[in-house]
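If you want the building blocks of each chain, they are given just below.
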Amino acid sequence: TGVQTCALPICVLWGLDGAVRPEATEELARLMGALGCFALLSEASLRRLAEGATLRRLERYDNVYHEAQQASAIFVLLRGGILLRTQLDNRGGRRLTAPAGFGIDGLMDLAHSRPPPRLESASALVGCECAMVSREHLRAVLRLQAAEEAEWRLMHPGLALPRTTREHRAVGLSSVERSSIF
């Protein structure tokens, strides 16, 4: 079918309950960090998102969500392919292959508790596996990151906030200082 698969060993990432296994958090966080929709998140925030993710397995043609439905989660496609389509779309929609982020309309208007409506429908082109992050978990992670960034700016005026461990080393923070901030 021409659909790519993710390099992640899916059976290793997820427990039987659909929650990400602790030892796989770093790998899922790394994959999420490589996607544009998560580009501004720190490594710590990516780990927190990964820790709160759940697995969603889909069969071919299964609907992930419908257009106009409340956007209560965002998704990371780990294996398979997804078709994104609006009711007015006469071109067949957009096809995504793993790895990819989708359902990011759930990122809109995060300051308000009521989720916005979905702008498109999503359905599986083939058997898929997705990491699902609830809107509430995402909001909590973003609030924590904002607090960490504010603390950083108070303690290190004039320095840019390091987003990665490598950037922390370049600034000269010890691992104890890093852990107290993040």
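So, here's what we can say about the structure. (Residues numbered from 1 in each chain as written. Predicted model: local features only at pLDDT ≥ 70, side-chain atom pairs only at ≥ 80, totals over all residues. Heavy atoms only, no water.)

**Regarding the pattern of salt bridges**
Filter applied, for reference: Think of a salt bridge as a Lys or Arg side-chain nitrogen and an Asp or Glu carboxyl oxygen that are within 4 Å of each other. Going along the chain from the N terminus, every DSSP run of H or I of four or more residues is numbered as a helix, and every run of E of two or more is numbered as a strand. Burial status follows relative accessibility: with a 1.4 Å probe on protein chains alone, a residue under 20% of its type maximum counts as buried, one over 50% as exposed, and anything between as partly exposed.
All told, the structure shown has eight salt bridges when counted by the stated rule. Here E26 and R47 are joined by a salt bridge, their closest N and O atoms 3.5 Å apart. With E26 in helix α2 (residues 25–33) and R47 in helix α3 (residues 43–51), the pair connects residues that are 21 residues apart, well separated along the chain. We classify E26 as partly exposed; its relative accessible area is 47%. Classification of R47 as partly exposed rests on a relative accessible area of 25%. Note that D105 is salt-bridged to R118, the shortest N-O span being 2.6 Å. Residue D105 is located in the loop between β6 (100–102) and β7 (121–124), and its partner R118 is located in the loop between β6 and β7; the two are separated by 13 residues in the primary sequence. Classification of D105 as buried rests on a relative accessible area of 7%. Overall, R118 belongs to the buried group, its relative accessible area being 4%. Salt bridges sharing partners connect three or more residues here, namely R57, R79 and E129.

**Points about the pairing of strand β3 (residues 73–79)**
Our working rule: Only when DSSP finds a minimum of two bridges between them are two strands counted as paired.
Along β3, six of the seven residues are buried, which leaves the element largely enclosed by surrounding structure. Bridging between β3 and strand β8 (residues 128–134) involves six bridges; their strand directions are antiparallel. If you follow V76 over to β8, its bridge partner there is A131. In the sheet, β3 pairs with β6 via three bridges, with the strands oriented antiparallel. If you follow F75 over to β6, its bridge partner there is F102.

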